[in-house]
Amino acid sequence: MLADYNLPQWSGMEALEVLLHEEPSVPLILVTGVLGEETAVECIKEGATDYVLKSSLARLPVAIRRALQEKQVREQRELAEELFRRAVESSPSGILMVDETGKICLSNAVAETMFGYKCDELAGQSIEMLVPDRFRRLHREHRAAYHNAPIQHGLGKGRDLFAVRKDGGEFPVEIGLNPVHTSAGTQTMIVAVDITARKQAEREAEEYTRELQRSNAELEQFAYVASHDLQEPLRMVASYTELLAERYRGKLDDKADKYIGYAVDGAHRMQRLIQDLLAYARVSSQARPLQPTDSGAVLASVVTQLRQTIEKNNAKIVWQHLPVVHADEMQLGQVFQNLIGNACKFHSEQPPRIEIRATPAGDMWQLSVADNGIGIARESSARIFQMFQRLHTREEYEGTGIGLAIAKRIVERHGGQIWFDSVPGAGTTFYFTMPKCGGGIA
Amino acid sequence: MTESFRILLVEDNPADADLTREILQSGPRAIELTVAATGTEAVDYMHKRGRFASAPTPDLVLLDLNLPGIDGRGVLTEIKHHPELRRVPVSILTSSLSEKDVAQSYDLGANCYVVKPLDFKGFQAIVWELENFWFSIVKLPRGEE
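From a predicted model like this one, the values you see are computed outputs, not experimental measurements.

Draft legend 1. Seen up close, the sheet that holds strand β2 (residues 29-32) of chain A. Residue and element names in this part refer to chain A. In spatial order, the strands read β1-β2-β3; together these three strands make up an open sheet with parallel pairing. The two strands at the open ends of the sheet, each matched to only one other strand, are β1 (2-4) and β3 (50-53). Ignoring which end each strand starts from, the neighbouring axes of this sheet average 30° apart. Examined bridge by bridge, β1 and β2 share three bridges and lie parallel to one another. Bridge pairing in β2 links L2 to I29.

In structure tokens form, the structure reads like this:
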């Protein structure tokens with residue numbers, strides 16, 4: 001706005017007053033014929049942007065341009081301040097600005113609520129007020145050190161920090177520090193997050209994990225002791241029923257022979273179950289450390305061990321170069337043995353052809369054992385890795401149903417996974433992953 | 001003339017002891033079997049103490065490891081530290097698969113270590129094997145010292 005100093009009804013000063021009230025962002029330049037320097041200074045003091053004498057009107061465009069530039073700069077600054085204020089106010093974290101002497105010069109509502117103060121109670125106070133008594137001296141020292149070398153600082157990394165509320169209550173916090181250089185010196189923006197809930201959740205998770213580990217260990221111990229101690233009396237039951245069968249077969253009546261047969265069979269089955277249970281428990285009780293293991297060599301020795309089964313079923317086992325994996329050699333052998341044993345057992349009318357392959361999968365090797373056997377129906381997939389789950393009658397196929405449960409437990413102990421694909425009638429492929437060796441040996 | 005062999009079986013479980021007796025009786029040789037149910041009894045028997053004053057020294061000791069009181073390791077130590085008894089072969093017959101038990105037994109002078117099979121047929125086969133080994137294949141110290 002351009003205004004003359006002297007107007008018929010009112011003066012330029014009155015216009016200035018109205019403008020400052022209604023539209024303070026619009027710059028006003030007084031254009032006047034006679035104006036003493038004193039009056040001019042007075043006008044500027046009152047809020048006029050500039051003044052131009054009518055005798056030097058050539059200066060007017062320059063004055064206008066400067067006034068508009070100043071307006072733009074001012075508006076940008078105001079916008080930035082507004083954005084900053086809103087960001088601070090709407091932040092979910094507590095935010096405090098602290099000057100070089102440790103005095104709080106700004107705080108947002110979250111910080112005030114977090115520390116239990118009203119909105120005007122924090123400004124001007126020392127930041128140490130929010131630090132528990134016992135840490136105050138140390139905090140002052142740290143602050144001095146920080147002041148000498150201010151750097152951006154992550155949220156409480158690696159250290160448990162505590163803050164104190166107005167009512168004296170302490171709570172764990174994470175703190176981020178950001179140096180902000182202003183004309184009034186270096187200030188520090190403090191971002192504070194109350195992590196009480198997170199710490200509580202962490203504690204609960206740790207507690208839960210410990211409890212789970214303890215009960216797992218106990219359960220394993222129980223399974224081991226139970227199965228081990230059950231073996232002895234069961235050996236007696238089995239041995240004496242067998243002895244009876246041997247000594248008295250044909251000497252009692254037919255029913256007696258049959259019933260003794262049932263007892264012998266039951267005792268044998270229970271012995272096998274207990275041995276399988278022990279084998280399952282041994283996956284962790286007799287675990288050896290994982291080390292670089294040539295899976296091809298392990299497979300070759302398993303094939304040698306299974307020679308009778310392989311020959312009996314006329315099976316053909318093929319594999320190409322297999323990798324070195326990070327494994328417990330005995331247990332890897334057991335996985336191969338169980339999978340190949342199954343592939344031989346559940347063969348179709350054709351002689352079994354079993355192929356073992358390996359493909360890299362991230363930091364693991366994915367091994368597969370593919371057969372051309374009877375296959376597995378999709379609806380059985382959930383049960384197949386469970387302990388003592390059998391998909392067939394004992395008359396069709398022998399076994400207790402522990403093999404895949406053991407394989408799964410071993411693979412999981414190695415941090416891997418086991419699963420299968422199958423087309424009933426055409427064959428099954430079991431996949432499992434084993435870790436690669438850390439040193440890049442593969 | 002049928003040669004007769006003497007076995008001392010140290011076994012606290014009477015069912016196990018009877019089973020061994022049954023198997024030995026149905027075997028090809030005449031065996032005189034004595035059962036000691038505790039380690040103390042076994043040691044007294046070997047030393048011919050008290051009621052065992054007139055007991056003959058056995059040709060073979062079948063020794064269980066886990067016994068109440070003096071256990072199998074104690075009995076083994078006692079036999080293998082005695083200048084006259086040490087020549088009597090001792091076969092450990094146990095259900096323990098522990099490598100520690102195996103090593104310790106041989107260290108203490110056991111002549112062999114046999115794990116009892118879980119099934120009757122297996123156990124029978126092993127008892128007969130032991131009988132055959134110690135009384136047919138092996139030349140045992142007899143008579144003169």
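Draft legend 2. How the structure looks around helix α1 (residues 14-25) of chain B. For α1 of chain B, with twelve residues, the first-to-last C-alpha span of 16 Å sits near the 16 Å given by 1.5 Å per residue. All of the buried residues in α1 of chain B are D16, A17, L19, T20, I23 and L24 of chain B. Looking down the long axis of α1 of chain B, one finds its buried residues gathered within 160° of arc, a one-sided arrangement. Among the exposed residues of α1 of chain B, those pointing more than 90 degrees away from its buried face are P14 and Q25 of chain B. For α1 of chain B, the secondary structure elements touched by its buried residues are α6 (196-248) of chain A together with β1 (4-10), β2 (30-36), β3 (60-63) and α5 (120-137) of chain B. Where α1 of chain B begins, one side-chain oxygen reaches toward the backbone nitrogen of A15 of chain B, 3.0 Å away; that side chain belongs to N13 of chain B.

Draft legend 3. Examining unusual backbone geometry more closely. Residue and element names in this part refer to chain A. Phi is positive for N314, which is not a glycine, with a value near 55°. With respect to the helices and strands, the residue N314 is situated in the loop between α9 (307-312) and β10 (316-319). What makes N314 exposed here is its relative accessible area of 55%.

Draft legend 4. Examining a nonpolar patch on the surface more closely. A contiguous nonpolar surface patch, about 250 Å² in accessible area, is contributed by L7, W10 and V18 of chain A. For L7 of chain A, the position within the fold is in the loop between β1 and α1 (12-22).

Draft legend 5. Spotlight on the interface of chain B and chain A. If you look at the interface, chain B gives 15 residues, while chain A gives twelve residues. Overall, the association of chain B and chain A removes approximately 1,300 Å² of surface from exposure, summing both partners, and the carbon and sulfur fraction of that is 51%. The largest contributions to the chain B side of the interface with chain A come from L19, L118 and F120 of chain B, which together make up 48% of the buried area. There are two salt bridges connecting chain B and chain A. For the pair chain B and chain A, the interface holds nine residue pairs in polar contact (both at pLDDT 80 or more). Residue classes in the side of chain B that touches chain A are distributed as five nonpolar, four polar and six charged.

What counts, and at which threshold
- Residues numbered from 1 in each chain as written.
- Chains lettered and ligands numbered in written order.
- Predicted model: local features only at pLDDT ≥ 70, side-chain atom pairs only at ≥ 80, totals over all residues.
- Heavy atoms only, no water.
- Pairing = 2+ DSSP bridges.
- Helix = DSSP H or I, 4+ residues; strand = E, 2+ residues; numbered from the N terminus.
- Axes fitted to C-alpha atoms, helices over the stretch in contact; angles between N-to-C directions.
- Expected span 1.5 Å × (residues − 1).
- Buried < 20%, exposed > 50% of the residue type's maximum accessible area, 1.4 Å probe, protein only.
- Arc of directions from axis to C-beta.
- Contact = heavy atoms within 4.5 Å.
- Polar contact = N/O pair within 3.5 Å; in protein donor to acceptor, adjacent residues only side chain to side chain.
- Patch = residues over 30% accessible without salt bridge, like charges linked within 9 Å, V, L, I, M, F, W, Y side chains within 5 Å.
- Areas by Shrake-Rupley, 256 points an atom, 1.4 Å probe, with all protein chains shown as cover.
- Salt bridge = Lys/Arg side-chain N within 4 Å of Asp/Glu carboxyl O.
- Buried area = accessible area lost by both parts, 1.4 Å probe.
- Nonpolar A, V, L, I, M, F, W, Y, C, P; charged D, E, K, R; others polar.

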